[in-house]
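For reference, the chains in residue letters:
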Amino acid sequence: MEKTFLMVKPDGVQRNLIGEIVARFEQKGFQLVGAKLMQVSDELAENHYGEHKERPFFGELVDFITSGPVFAMVWEGEDVIKTARTMMGATNPAEAQPGTIRGDFGVTIGKNVIHGSDSPESAEREINLFFKEEELVSYKKQD
Ligand code: CMP
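By the naming in an unreviewed UniProt entry, the protein chain goes by Nucleoside diphosphate kinase and is assigned to Cerasibacillus quisquiliarum.

Here it is, written out as structure tokens:
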């Protein structure tokens, strides 16, 4: 089954949005298989955002994601990578549709509440960066 990496960013944690965000993915029918509240180190942030290294806002990205705790998660389900991106809405909250997470809660392009993997390759890379294998569980929902 497909897995994706989702992370409530420091602004989402500060604004008490963890529960709201987890509820949306639970209600959609996806399964939470890993989660932790954690402080991102500079090294992890630079690694995670490596593809943006040459962008002018790279320093801001690293400063923001390390500015306070994040809630890192792994979710599992059919087509979860693409569906989660749809549920998150456009990167820029000003362009995100109402009903999406960023459309409903996002403020600026930097403080946009949530990160989600954009492809199977980045999902695998990001899950392995943030989680050890033994931190993920595999379980069947009871009928
Ligand atoms: P995220 O999905 O975490 O991945 C890269 C992030 O870069 C993106 O969300 C935005 O928060 C951030 N970002 C993109 N464009 C800009 C920008 N112009 N200025 C600051 N941050 C940006």
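### Points about the nonpolar core
The biggest cluster of nonpolar side chains holds 19 residues, and the ones touching the most others in it are Ile21, Phe25, Met73 and Trp75. If you list the elements that add at least two residues to this core, you get β1 (3–8), α2 (18–28), β3 (70–76), α5 (80–88) and α6 (101–105). Looking at which element gives the most residues to this core, the answer is α5, with 4 residues. Setting aside residues no more than four positions away along its own chain, Phe25 makes contact with Leu6, Phe30, Trp75, Ala84, Met87, Ile101 and Ile114. Core analysis: the next-biggest nonpolar cluster, separate from the first, contains 18 residues, Phe5, Phe58, Val74 and Ile127 among them.

### Some details on the pattern of salt bridges
A full pass over the atoms with the stated rule returns 4 salt bridges. In this structure, Asp104 and Arg24 form a salt bridge, with 2.9 Å as the shortest nitrogen-oxygen distance. One end of the pair, Asp104, is in helix α6; the other, Arg24, is in helix α2, and 80 residues separate them in sequence. When its relative accessible area of 18% is taken as the criterion, Arg24 is described as buried. The salt bridge partner of Glu135 is Lys36, with a shortest N-O separation of 3.0 Å.

### So, the site of the ligand
Near the ligand the following residues occur: Lys9, Tyr49, His52, Phe57, Leu61, Thr91, Arg102, Ile109, Gly110, Asn112 and His115. At 2.7 Å from an oxygen atom of the ligand is found a side-chain nitrogen or oxygen belonging to Tyr49. Calculation on the ligand without its partners gives an accessible area of 460 Å², and the protein chains cover 80% of this total. Looking at the shell around the ligand, its residues break down into 4 nonpolar, 5 polar and 2 charged.

### Things to note about the UniProt feature "active site" (unreviewed entry) in the protein chain
As annotated in UniProt, the feature "active site" (unreviewed entry) corresponds to His115 in the numbering used here. For His115, a relative accessible area of 13% translates into the label buried. When near neighbours in sequence (up to four residues on either side) are disregarded, His115 contacts Phe5, Leu6, Met7, Lys9, His48, Tyr49, Met88, Arg102 and Glu126.

### Notes on α5
For α5, the full list of buried residues reads Val80, Ile81, Thr83, Ala84, Met87 and Met88. Buried residues in α5 make contact with β1, α2, β3, α6, β4 (114–116) and α7 (120–130). Backbone geometry just after α5 places Gly89 at a positive phi near 85 degrees.

### With respect to the pairing of β3
For β3, the tally of buried residues reaches 7 of 7 residues, placing the bulk of the element in the interior. Side chains Val70, Ala72, Val74 and Glu76 project from β3 onto one buried face, and the interleaved Phe71, Met73 and Trp75 project onto a second face that is buried too. Here β1 runs beside β3; their pairing, made up of 6 bridges, is antiparallel. Of the residues in β3, the one forming a bridge with Met7 is Ala72. Inspection of the sheet shows strand β2 (residues 31–38) paired to β3 by 7 bridges, in the antiparallel sense. When the sheet's bridge partners are listed, Gly34 is paired in β3 with Val74.

### Describing the packing of α2 against α5
Two elements in contact, α2 and α5, have axes whose closest approach is 12 Å; the angle formed by their N-to-C orientations is 130 degrees. Here α5 runs oblique to α2, going by the angle between their axes. Helix-helix and strand crossings are classified by hand; for α2 and α5 the assignment is right-handed. Each of Arg24, Phe25 and Lys28 in α2 lies in contact with α5, whose residues at this interface are Thr83, Ala84 and Met87.

Procedures and definitions
Residues numbered from 1 in each chain as written. Predicted model: local features only at pLDDT ≥ 70, side-chain atom pairs only at ≥ 80, totals over all residues. Heavy atoms only, no water. Core = buried A, V, L, I, M, F, W, Y, C linked by side-chain atoms within 4.5 Å. Buried < 20%, exposed > 50% of the residue type's maximum accessible area, 1.4 Å probe, protein only. Helix = DSSP H or I, 4+ residues; strand = E, 2+ residues; numbered from the N terminus. Contact = heavy atoms within 4.5 Å. Salt bridge = Lys/Arg side-chain N within 4 Å of Asp/Glu carboxyl O. Near = heavy atom within 4 Å. Polar contact = N/O pair within 3.5 Å; in protein donor to acceptor, adjacent residues only side chain to side chain. Areas by Shrake-Rupley, 256 points an atom, 1.4 Å probe, with all protein chains shown as cover. Nonpolar A, V, L, I, M, F, W, Y, C, P; charged D, E, K, R; others polar. UniProt positions renumbered as here; feature names shortened; annotations may be inferred. Pairing = 2+ DSSP bridges. Axes fitted to C-alpha atoms, helices over the stretch in contact; angles between N-to-C directions. Parallel < 35°, antiparallel > 145°, perpendicular 65-115°, else oblique. Left-handed = near helix turned anticlockwise from the far one by under 90°.

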